Amino acid sequence: MTDDTPDKISANAMWGGRFATGPDAIMEAINASIGFDRRLAKQDIEGSRAHAAMLAATGIITDRDAEAIREGLLTVLSEIESGDFAFSTALEDIHMNVEARLRALIGEAAGRLHTARSRNDQVALDFRMWVRGQCDQAMAGLEALMRSLLAQAEAGADWVMPGFTHLQVAQPVTWGHHMLAYVEMFARDRARFRDARARMNECPLGAAALAGTSFPINREMTARALGFDRPMANSLDAVSDRDFALEFLAAAGITAMHLSRLSEELVIWSSAQFRFVTLSDRFSTGSSIMPQKKNPDAAELIRAKIGRILGAMVALFTVMKGLPLAYSKDMQEDKEQVFDAADSLALSLAAMTGMVADMTANRDALEAAAGAGFSTATDLADWLVRVLGLPFREAHHVTGELVALAERKGCDLPDLSLDDMKSVCAGITEAVFEVLGVHNSVASRTSYGGTAPDQVRARIAEWKEALE
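Quick notes on the rules
Residues numbered from 1 in each chain as written. Predicted model: local features only at pLDDT ≥ 70, side-chain atom pairs only at ≥ 80, totals over all residues. Heavy atoms only, no water. Helix = DSSP H or I, 4+ residues; strand = E, 2+ residues; numbered from the N terminus. Rg over C-alpha atoms; globule rule 2.2 N^0.38 Å. Buried < 20%, exposed > 50% of the residue type's maximum accessible area, 1.4 Å probe, protein only. Contact = heavy atoms within 4.5 Å. Areas by Shrake-Rupley, 256 points an atom, 1.4 Å probe, with all protein chains shown as cover. Patch = residues over 30% accessible without salt bridge, like charges linked within 9 Å, V, L, I, M, F, W, Y side chains within 5 Å. Salt bridge = Lys/Arg side-chain N within 4 Å of Asp/Glu carboxyl O. Core = buried A, V, L, I, M, F, W, Y, C linked by side-chain atoms within 4.5 Å. Axes fitted to C-alpha atoms, helices over the stretch in contact; angles between N-to-C directions. Parallel < 35°, antiparallel > 145°, perpendicular 65-115°, else oblique. Left-handed = near helix turned anticlockwise from the far one by under 90°. Nonpolar A, V, L, I, M, F, W, Y, C, P; charged D, E, K, R; others polar. Expected span 1.5 Å × (residues − 1). Polar contact = N/O pair within 3.5 Å; in protein donor to acceptor, adjacent residues only side chain to side chain.

Q: Now, about the overall build of the protein chain: what can you tell me, with residues and values included?
A: The helix and strand inventory of the protein chain stands at 19 helices and 6 strands. Computed over C-alpha atoms, the radius of gyration of the protein chain comes to 31 Å, more than 25% over the 23 Å expected from 2.2 N^0.38 for 468 residues, which places it beyond the range of a compact globule. Viewed in the frame of its principal axes, the protein chain has a C-alpha envelope of about 100 × 55 × 40 Å. A total of 468 residues make up the protein chain; the buried ones form 49% of that total. When contacts within the protein chain are restricted to residue pairs at least 6 apart in sequence, long-range pairs at least 24 apart make up 75% of them. Entry remark: accessible area of the protein chain is about 21,700 Å², with carbon and sulfur atoms responsible for 52%.

Q: Run through a nonpolar patch on the surface, naming residues and quoting values.
A: A grouping of Leu-210, Leu-236 and Leu-325 is seen on the molecular surface, where their side chains present a nonpolar patch of about 260 Å² in accessible area. Positionally, Leu-325 belongs in the loop between α12 (297-320) and α13 (336-358).

Q: Break down the nonpolar core for me, with residues and values.
A: Trp-175 and Phe-193 are the most contacted members of the largest nonpolar core, which has 97 residues in total. Of all the elements, helix α11 (residues 243-269) adds the most residues to this core, at 14 residues. Once residues within four sequence positions are removed from consideration, Trp-175 is found in contact with Gln-152, Gly-156, Trp-159, Met-161, Trp-269, Val-277, Met-359, Ala-361 and Leu-366. Counting 22 residues, the second largest nonpolar core, distinct from the first, contains Leu-384, Leu-413, Met-421 and Val-435.

Q: Any details on the packing of helix α15 (residues 377-388) against helix α16 (residues 392-409)? Residues and values, ideally.
A: α16 packs onto α15 with a crossing angle of 135° between their chain directions and a minimal axis gap of 8 Å. In terms of axis orientation, α15 runs oblique to α16. Considering only the axes of α15 and α16, their crossing is right-handed. Contact residues: α15 offers Ala-377, Leu-380, Ala-381, Asp-382, Leu-384 and Val-385, while α16 offers Phe-392, Ala-395, Val-398, Thr-399, Leu-402 and Val-403. Per-class residue counts for the contact of α15 with α16 are 10 nonpolar, 1 polar and 1 charged.

Q: Give a detailed account of the environment of Trp-383, specifying residues and quantitative values.
A: Its location among the elements puts Trp-383 in helix α15. C-alpha separation for the pair Trp-383 and Ser-240, spaced 143 residues apart in sequence, amounts to 63 Å. Non-local contacts of Trp-383, meaning those with residues more than four positions away in its chain, are made with Leu-388, Ile-428, Thr-429, Ala-431, Val-432 and Val-435.

Q: Give me the environment of Val-356: which residues, what numbers.
A: One can find Val-356 in helix α13. It is 53 Å that separates the C-alpha atoms of Val-356 and Thr-213, two residues lying 143 residues apart in sequence. Not counting chain neighbours up to four residues away, the residues in contact with Val-356 comprise Leu-145, Ser-148, Leu-149, Gln-152 and Leu-262.

Q: Give me the lowdown on unusual backbone geometry, citing residues and values where you can.
A: The residue after Leu-325, namely Ala-326, is reached through a cis peptide bond having omega 10°. Relative to the helices and strands, Ala-326 resides in the loop between α12 and α13. For Glu-92, which is not a glycine, the phi torsion comes out positive at approximately 70°. Locating Glu-92 in the fold gives a position in the loop between α5 (63-82) and α6 (94-106). When its relative accessible area of 3% is taken as the criterion, Glu-92 is described as buried. The phi dihedral of Arg-275 is positive, around 55°, even though this residue is not glycine. Its location among the elements puts Arg-275 in the loop between α11 and β5 (277-278).

Q: Outline α15, supporting the account with residue identities and numerical values.
A: Helix length check: α15, at 12 residues, gives a terminal C-alpha distance of 16 Å against a target of 16 Å (1.5 Å per residue), a fit within 8%. Along α15, the residues classified as buried are Ala-377, Asp-379, Leu-380, Ala-381, Trp-383 and Leu-384. Close packing links the buried residues of α15 with β2 (168-174), α16 and α18 (438-444).

Q: Tell me what's going on with α6, and back it up with residues and numbers.
A: Its 13 residues give α6 an end-to-end C-alpha distance of 18 Å, which sits within 8% of 18 Å, the value for a rise of 1.5 Å per residue. Taken residue by residue, α6 has Ile-94, His-95, Met-96, Asn-97, Val-98, Glu-99, Ala-100 and Leu-102 as its buried positions. Between the side-chain oxygen at the start of α6 and the backbone nitrogen of His-95 there is a gap of 3.1 Å, and the oxygen is on Asp-93.

Such coordinate-based values are descriptive only and should not be taken to indicate function.
Laid out in structure tokens, this is it:
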């Protein structure tokens, strides 16, 4: 709940004696961030507890005050988590709201918590910890999705289907190979979040407003307590950059792009024209007027989420691009779009994981489509090179003539007679038909990373071991 009329402590009182009057109502409205930065409450309190412990350990505050602060902060966190905390717009942000409540609980000792600290390094800490947690959540979501895709790949490691370029039938591949393509993509996405997390895992706390502090603080202590690898090395940089959030958004945007591509395929594949897959009722909807419809709405919504995620990245780039060092109030606009993008990504990953786990691939439809559209034409050209010794460009030309002949006859390449074949290239023998079946085609693609079932199964085994 929100209490827009604070009891005793206004933002003006928190600022100190510089201001004779409180802010105008419009100024208060544009200045306040508590409507969204309350999401940082847990990180704010965790950071404050670590800061208080360090202040006590270095003799800056007494152990008695540190213990009162610690217990008071736990009470504040409990109130927030239970929904009993009265947030105040007049107190601007989560930091002032927590401090004001702490003062009401423990009195004067609360005022010592902000020693050797500024809201600038405090918010930089809270936001960095929150984004770090979102990297962890994204990696876990991606691993779950990879496992669902691996299960699909293992079930259909040798099922043939058409591979496409330009959405036109190109060459036969296996269902398992197609599923593994997305496993590889999402694995790189996971690695991007891991790399971003490693870079952002430096602690800004102790940078104070922008120049550090004259108090004998121990920044290594607070960094360790909060799970960081080290303190940030430059106080200006610590409070003034948000590249960690931009890097998170960049990784989220690439992930959303991959999710969108898979969504597009599921929309196409589940259509009556393809029937490659059947999506479960759990991730489909119906029509208010057409009773026969089963719509892939989850896939379509995931496909659209990239707009919000990329929009968030562009918005934050725009906020940050013209700011001089160190902190400017513009940077209050750094959070809402990141919160929204993180929510959109988490929901999209969960929905795609469920959709992939539940979907049923139609093996018969996949195989029927795999042999259509002269999908083994490249196998024929390769055979002409390998067996007859033709230069590939000549083999390509001969194959093109045979495709044209099959089109005139209204049949596929395997349906041409040997005499038909010989009428275009006299050296062709009966052995050519061994390479024209789709199963023979995929089985022959044994190069590393190829679609042959043995290659697919080997890669599945590698990924299963890696994910254990």
